[in-house]
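# Structural characterization, general
Next come the chains, spelled out residue by residue.
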Amino acid sequence: MSKCKICNDSVMTVIPFGRMPIANGFLNQISSDEYFYELIAGFCPKCLMVQLEKTVAPEMMFNDNYHFISSTSAAMSQHFSEMAEEIYQTVSSKESPFVVELGCNDGIMLKHLVSKKINHVGIEPSKNVAELARKNGVNVLENFFNQDTAAEITDNYGHADIISGANVMCHIENLNSVFEGVCTLLKEDGMLLFQDPYLLDIIKQSSFDQIYDEHVYYFSGLSVSELAKRHNMQLVDMVHQDVHGGSMRFYLKKGNSNEVSESVSEYLSQERALNLHIIDGYKKFKNNVDKICYELKNSLMDIKKAGKRIVGYGATSKSTTLLNYAKIGTDLIDYISDNTPTKINKFTPGVHIPIRSHDIFLDDNHIYTLLLAWNHKREIINKETDYRKRGGKFITYFPEVVIE
Ligand code: TYD
């Protein structure tokens, strides 16, 4: 039994996926020395945090060859422009406002504050991605965030009005150290806001592909509230976001006597109604996941048996869990179309499906497309009108397999 990374209590296993390759570990060529680790999600009944039982060293995931670039989706660009506007509205009336973003990626959010001349620091440990942010005019500190980095920023720039992070908190194993850093860096009346895939959505939709090496934690309001208390902070608001298959933006302040929005108690009640505060809430999850994998694989095999070809759409990190757990490889999928230049002509981790440019998808005459980037379904279906007009169908699988 593994120990909770937040409170050191014993973690109860929710779902063991077995051997997995690194989710963003795209290969230049198929090789036999690919790195694998044991992917297991577990639940801590004491601090209520769902988490990976075994983790991969950050250097194995976030290195100079990191392939996750935020600005590959028009919808995400719009989302982060709105997030920047919200932050701007919160800080603009303050005297010399200062904003810090953890994991600023290519600057998709901060570049909007650059153009509004807001003093800021973006923290980004992946060199290649940090370079992209710099090209967007972002002031980048190329490092991991912890107590030391927080102290360095405070010495150089003062305390922050806002510390934000999108799809980053769930990546950081030593969250206690991050929260200590946040407490050092944040002004007394400052706000920490972060968003990550929301546990309630994952459990409701059985969207198990959110579980992979980079996502060490799967946050609920219940677990974030406990985490906040541990660091003398308070969860003051929760706003659901329709991105990454269902995310939650959590707002935290220092102390324990802040005004708390009603949405916090509403979400906490919904989470309790699903039993996410006890292991019972997670007992059906594995069965649901196995049922989806079984039905999806059968559907793909039926299509192949009928002599048709299937391609994938979006070489997402999350698809590494789906493809490897359900054992969907080149026997079923010819290639995966992706618009990220650095992924094209590489092979997906573990199952080694080739990645091809979107031009190849457009020129192809296949009928079936497995929508691996299902979180961008609306954007992709709107974009692929020609494919749909010639009879092309998309296959999706959460909460059940649908071919439409
Ligand atoms: P993303 O949504 O970031 O998921 P993950 O966090 O699991 O990696 O990844 C989307 C992937 O899909 C990314 O590689 C870019 C690709 N993509 C396309 O190829 N075309 C598109 O129209 C969109 C929206 C994404």
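Quick look at the structure, then.

The rules behind the values
Residues numbered from 1 in each chain as written. Predicted model: local features only at pLDDT ≥ 70, side-chain atom pairs only at ≥ 80, totals over all residues. Heavy atoms only, no water. Near = heavy atom within 4 Å. Polar contact = N/O pair within 3.5 Å; in protein donor to acceptor, adjacent residues only side chain to side chain. Areas by Shrake-Rupley, 256 points an atom, 1.4 Å probe, with all protein chains shown as cover. Helix = DSSP H or I, 4+ residues; strand = E, 2+ residues; numbered from the N terminus. Pairing = 2+ DSSP bridges. Contact = heavy atoms within 4.5 Å. Axes fitted to C-alpha atoms, helices over the stretch in contact; angles between N-to-C directions. Buried < 20%, exposed > 50% of the residue type's maximum accessible area, 1.4 Å probe, protein only. Expected span 1.5 Å × (residues − 1). Arc of directions from axis to C-beta. Salt bridge = Lys/Arg side-chain N within 4 Å of Asp/Glu carboxyl O. Right-handed = clockwise from strand over helix to strand, strands pointing away.

## Observations regarding the site of the ligand
The ligand sits among 21 residues. The nearest are Ser317, Asp338, Lys343, His376 and Lys383. Take Lys343: an N or O atom from its side chain is 2.7 Å from an oxygen atom of the ligand. Burial of the ligand by the protein chains amounts to 96% of its free accessible area of 560 Å². A per-element tally of the shell around the ligand places helix α13 (residues 377-383) first, with 3 residues.

## With respect to the sheet that holds strand β9 (residues 217-218)
Through backbone hydrogen bonds, the strands of a sheet pair up, either in parallel or in antiparallel fashion. With respect to topology, 4 strands assemble into an open sheet ordered β1-β2-β3-β9, the strand pairing being antiparallel. Edge positions in the open sheet fall to β1 (12-21) and β9, since each of these has one partner strand only. Sheet analysis places strand β3 (residues 50-52) next to β9, joined by 2 bridges and oriented antiparallel. Note on β9: the bridge partner recorded for Gln51 is Tyr217. The sheet contacts of helix α11 (residues 318-325) involve β1 and β2 (36-43), and relative to β1 the element is tilted by about 85°.

## Details of the sheet that holds strand β7 (residues 160-166)
A sheet is described by the order of its strands in space; here 7 strands give the open sequence β6-β5-β4-β7-β8-β11-β10, paired in mixed fashion. Lying at the two open borders of the sheet, with one neighbouring strand each, are β6 (140-141) and β10 (233-241). Relative to strand β11 (residues 247-254), strand β8 (residues 186-197) runs antiparallel, the two sharing 7 bridges. Looking across to β11, one finds that Gln195 is bridged to Arg249. Docked against the sheet, helix α6 (residues 175-185) engages β4 (98-102), β7, β8, β10 and β11, running at close to 145° with respect to β8. This element, helix α9 (residues 262-273), spans β10 and β11 of the sheet and lies at about 75° to β10.

## Some details on the pairing of β2
For β2, the buried fraction is high: 6 of the 8 residues fall into the buried class. Of the pairings in the sheet, the one linking β1 to β2 comprises 8 bridges and is antiparallel in character. Pairing of Thr13 across the sheet is with Gly42, part of β2. Across 3 bridges, the pairing between β2 and β3 is antiparallel. Its bridge partner being in β3, Ala41 is matched across the sheet by Leu52.

## Focus on helix α2 (residues 74-91)
The end-to-end C-alpha separation of α2 is 26 Å, in line with the 26 Å expected for 18 residues at 1.5 Å each. Among the residues of α2, Met76, His79, Phe80, Met83, Ala84, Ile87 and Val91 are the ones counted as buried. Looking straight down α2, one finds that the buried residues subtend no more than 140° of arc, so they occupy a single side. Exposed and oriented more than 90 degrees from the buried face of α2 are Ala74 and Gln89. For α2, the secondary structure elements touched by its buried residues are β4, α3 (110-115), β7, β8, β10 and β11. Among the residues of α2, the N-terminal cap falls to Ser73, whose side-chain oxygen and the backbone nitrogen of Ala75 are separated by 3.2 Å.

## As for the pattern of salt bridges
In this structure the tally under the stated criterion is 17 salt bridges. For Glu188, the salt bridge goes to Lys254, with nearest N and O atoms at 3.1 Å. Separated by 66 residues along the polypeptide, Glu188 in strand β8 and Lys254 in strand β11 bring together distant segments of the chain. Arg309 is the partner of Asp364 in a salt bridge, and the nearest nitrogen-oxygen pair spans 2.9 Å.

## Digging into the environment of Leu141
When you line up the elements, Leu141 lands in strand β6. Residues Leu141 and Asn156, 15 residues apart in the sequence, show an inter-C-alpha distance of 12 Å. Not counting residues up to four positions away in its chain, the partners in contact with Leu141 are Val121, Gly122, Ile123, Glu124, Thr149, Glu152 and Ile153.

## Overview of the pairing of strand β12 (residues 310-313)
Burial along β12 is two-sided: Ile310 and Gly312 and Val311 and Tyr313, pointing in opposite directions, are all buried. Inspection of the sheet shows β12 paired to strand β15 (residues 368-371) by 4 bridges, in the parallel sense. Paired with Tyr313 across the strands is Leu371, a residue of β15. For the crossover from β12 across α11 to strand β13 (residues 336-337), the handedness is right-handed.

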